[in-house]
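# A structural walkthrough
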Amino acid sequence: MKSSNITWHNSKVTKEDRQKQKNHKSFVLWFTGLSGSGKSTVSVELEKALYEHGVHTYRLDGDNVRHGLNSNLGFSPEDRTENIRRVGEVAKLMSDAGLVTLTAFISPYRQDRDHVRDIMEDGEFIEVFVKCSLEECESRDPKGLYQKARAGEIKGFTGIDAPYEEPEKPEIVVETDKQTQEESVAAIMDYLKDRKLI
Ligand SMILES: Nc1ncnc2c1ncn2[C@@H]1O[C@H](COP(=O)(O)OS(=O)(=O)O)[C@@H](OP(=O)(O)O)[C@H]1O
Ligand SMILES: Nc1ncnc2c1ncn2[C@@H]1O[C@H](COP(=O)(O)OP(=O)(O)O)[C@@H](O)[C@H]1O
């Protein structure tokens, strides 16, 4: 419910102050892709590389956030949209706090991802498409969920009987069925260094 009876309070320490203190910009690396594509694997390794580079990070992962903040949400289209809306708002707060946030959610709907892009400041939303064929994701099946979905034990599983809308203009594409996880991490680090974001 929206209320007009609330007032915005500014802090005396600004986002720019926090960025200056940390010695780098803040932004969100938004990983999107099918289940099993490698969002968690690549974002975990990238966070380690960023940490070792002196960058202040935080990682939000679908499985983890769905245990806490979003434990009341399922996988209907409406719940997925709400999941991504909340994560987008949290990522925005983290950006305001001066952090580099890595998010790893399927985020299957283009409109939901674009909404997050819209609420962030220009250039602060970096979409990372973790591209991997459904066949490869299904053969990896790290959690056995594709098998369950094929057996009809899970309904509305992304890629099987629920949609995944590929990004049209992602800032970065990593192809995990063609490149190693080390190559994916190196490609993202290069992208960030080339643009002087880190
Ligand atoms: N129906 C259905 N469809 C897709 N995925 C399912 C489903 N049910 C459970 N899971 C497990 O939940 C993880 C995806 O959660 P997300 O929060 O990333 O999904 S979404 O962005 O809201 O679509 C996903 O994890 P990842 O494999 O890390 O992507 C699955 O482990
Ligand atoms: N090149 C690669 N890049 C990323 N993951 C890979 C690659 N090759 C194999 N894998 C494996 O694929 C699986 C991806 O699972 P995960 O990272 O949980 O994906 P997601 O978070 O997208 O569901 C892991 O078991 C990982 O070891």
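Residues numbered from 1 in each chain as written. Chains lettered and ligands numbered in written order. Predicted model: local features only at pLDDT ≥ 70, side-chain atom pairs only at ≥ 80, totals over all residues. Heavy atoms only, no water.

### A short note on the pairing of strand β3 (residues 100-104)
Here is the rule we go by: Relative accessibility decides the category of a residue: with a 1.4 Å probe and only protein chains considered, values under 20% of the type maximum give buried, values over 50% give exposed, and everything between is partly exposed. Secondary structure follows DSSP: runs of H or I at least 4 residues long count as helices, runs of E at least 2 residues long count as strands, and numbering of each begins at the N terminus. Strand pairing requires that DSSP identify at least two bridges connecting the strands.
Of all 5 residues that make up β3, 5 are buried, and the element is covered over most of its length. Two strands pair when backbone bridges link them, and strand β1 (residues 27-32) and β3 are joined in this way by 5 bridges, in the parallel orientation. Pairing of F31 across the sheet is with A104, part of β3.

### Overview of the nonpolar core
For clarity, the threshold we go by: Only buried residues count toward a nonpolar core. Its members are Ala, Val, Leu, Ile, Met, Phe, Trp, Tyr and Cys residues joined through side-chain atoms within 4.5 Å. Pairs of residues are marked as contacts when any of their non-hydrogen atoms sit within 4.5 Å.
Core analysis: the largest hydrophobic core is formed by 21 residues, its most contacted members being L29, F31, L46, L50, I126, I188 and L192. Secondary structure elements with two or more residues in this core: β1, α2 (39-52), β3, β4 (125-131), β5 (172-175) and α8 (181-194). The element that contributes the greatest number of residues to this core is α8, accounting for 5 residues. Setting aside residues no more than four positions away along its own chain, L29 makes contact with L46, L50, V100, T101, L102, T103, I126, V128, I188 and L192. Among the nonpolar cores identified, the runner-up in size contains 11 residues, and V87, F105, M120 and F125 belong to it.

### A short note on the layout of surface pockets
Unoccupied space between atoms shows up once a probe the size of one water molecule is rolled over them. The following threshold applies: Grid points spaced at 1 Å over the protein atoms alone were grouped into cavities, where a 1.4 Å probe fits but cannot get out, and pockets, open sets with protein on both sides within 12 Å along at least five of seven lines, with lining residues defined by an atom within 4 Å of a point. Grid points are joined across faces, edges and corners, and a volume is the space filled by probe spheres set on the points. Note on residue classes: Ala, Val, Leu, Ile, Met, Phe, Trp, Tyr, Cys and Pro are nonpolar, Asp, Glu, Lys and Arg are charged, and everything else, Gly too, is polar.
Within this model, the largest pocket holds a volume of roughly 680 Å³. Forming the walls of the largest pocket are 32 residues, and the residues nearest its centre are S35, K39, D63, I106 and K143. At the level of secondary structure, the elements contributing two or more residues to the lining of the largest pocket comprise α2, α3 (62-65), α4 (77-96) and α7 (145-150). The residue makeup of the lining of the largest pocket, split by class, is 12 nonpolar, 11 polar and 9 charged. If you add up the space inside the second largest pocket, you get close to 500 Å³. Along the wall of the second largest pocket there are 18 residues; nearest its centre are W8, K15, K92, L93 and D96. Secondary structure elements with two or more residues in the lining of the second largest pocket: α1 (15-22) and α4. Ranked by the residues each element gives to the lining of the second largest pocket, the list is headed by α4, at 5 residues.

### Observations concerning the UniProt feature "active site" (unreviewed entry) in the protein
Quick note on the threshold: UniProt positions are given in the numbering used here, feature names are shortened, and annotations may be inferred rather than shown by experiment.
If you check UniProt for "active site" (unreviewed entry), the listed places come out as S107 in our numbering. With respect to the helices, strands and loops of the structure, S107 is situated in the loop between β3 and α5 (110-119). The residues contacting S107, other than those within four sequence positions of it, are W30, F31, T32, I84, R113 and Y164.

### A word on the packing of α2 against α8
Axis angle and axis distance: for two packed helices, these are the angle between their axes and the distance between the axes, and together they describe the pair. What counts is decided by this rule: Only the stretch in contact is used when fitting a helix axis, every axis being a line fitted to C-alpha atoms; angles between N-to-C directions are given from 0 to 180 degrees. Our angle categories are set so that under 35 degrees counts as roughly parallel, over 145 as roughly antiparallel, 65 to 115 as roughly perpendicular, and the remainder as oblique. Left-handed describes a crossing in which the near helix is turned anticlockwise from the far one by less than a right angle; the clockwise case is right-handed.
For the pair α2 and α8, interaxial distance at closest approach is 9 Å and the crossing angle is 50 degrees. On the basis of their axis angle, the class for α2 and α8 is oblique. Relative to α8, α2 is oriented so that their crossing is right-handed. Contacts between α2 and α8 involve T41, V42, E45, L46, A49 and L50 from the first element and Q181, S184, V185, I188, M189 and L192 from the second. Split by residue class, the contact of α2 with α8 holds 8 nonpolar, 3 polar and 1 charged.

### Observations concerning the site of ligand 1
This is how the line gets drawn: Any residue with a heavy atom positioned within 4 Å of a molecule or strand is treated as near that molecule or strand. Definition of a polar contact: a pair of N or O atoms within 3.5 Å, with one able to donate and the other able to accept a hydrogen when the atoms are protein atoms, and with sequence-neighbouring residues admitted only if both atoms are side-chain atoms. Residue exposure ignores everything except the shown protein chains as possible cover, and the areas themselves are Shrake-Rupley values with a 1.4 Å probe. What decides whether a molecule sits in a cavity or pocket is whether more than half of its atoms lie within 2 Å of the grid points.
Around ligand 1, the surrounding shell holds 21 residues, and the nearest of these are S35, R66, N83, S107 and K143. Contacts to ligand 1 include S107, whose backbone N or O atom sits 2.8 Å from an oxygen atom. K143 places a side-chain nitrogen or oxygen 2.8 Å from an oxygen atom of ligand 1. Protein contact buries 93% of the 630 Å² of open area that ligand 1 shows by itself. Counting atoms within 2 Å of the grid points, the majority share of ligand 1 lands in the largest pocket. When residues of the shell around ligand 1 are traced back to their parent elements, those giving at least two are α3 and α4. Here the shell around ligand 1 is composed, by residue class, of 8 nonpolar, 7 polar and 6 charged.

### A few points about the sheet that holds β1
Here we have 5 strands laid out as an open sheet, ordered β2-β3-β1-β4-β5, and parallel in their pairing. Lying at the two open borders of the sheet, with one neighbouring strand each, are β2 (57-61) and β5. Along the sheet, successive strands turn relative to each other by an average axial angle of 20 degrees, direction set aside. Summarising the sheet, β4 and β5 pair through 4 bridges and their orientation is parallel. Looking at β5, one finds that V130 is bridged to V174.

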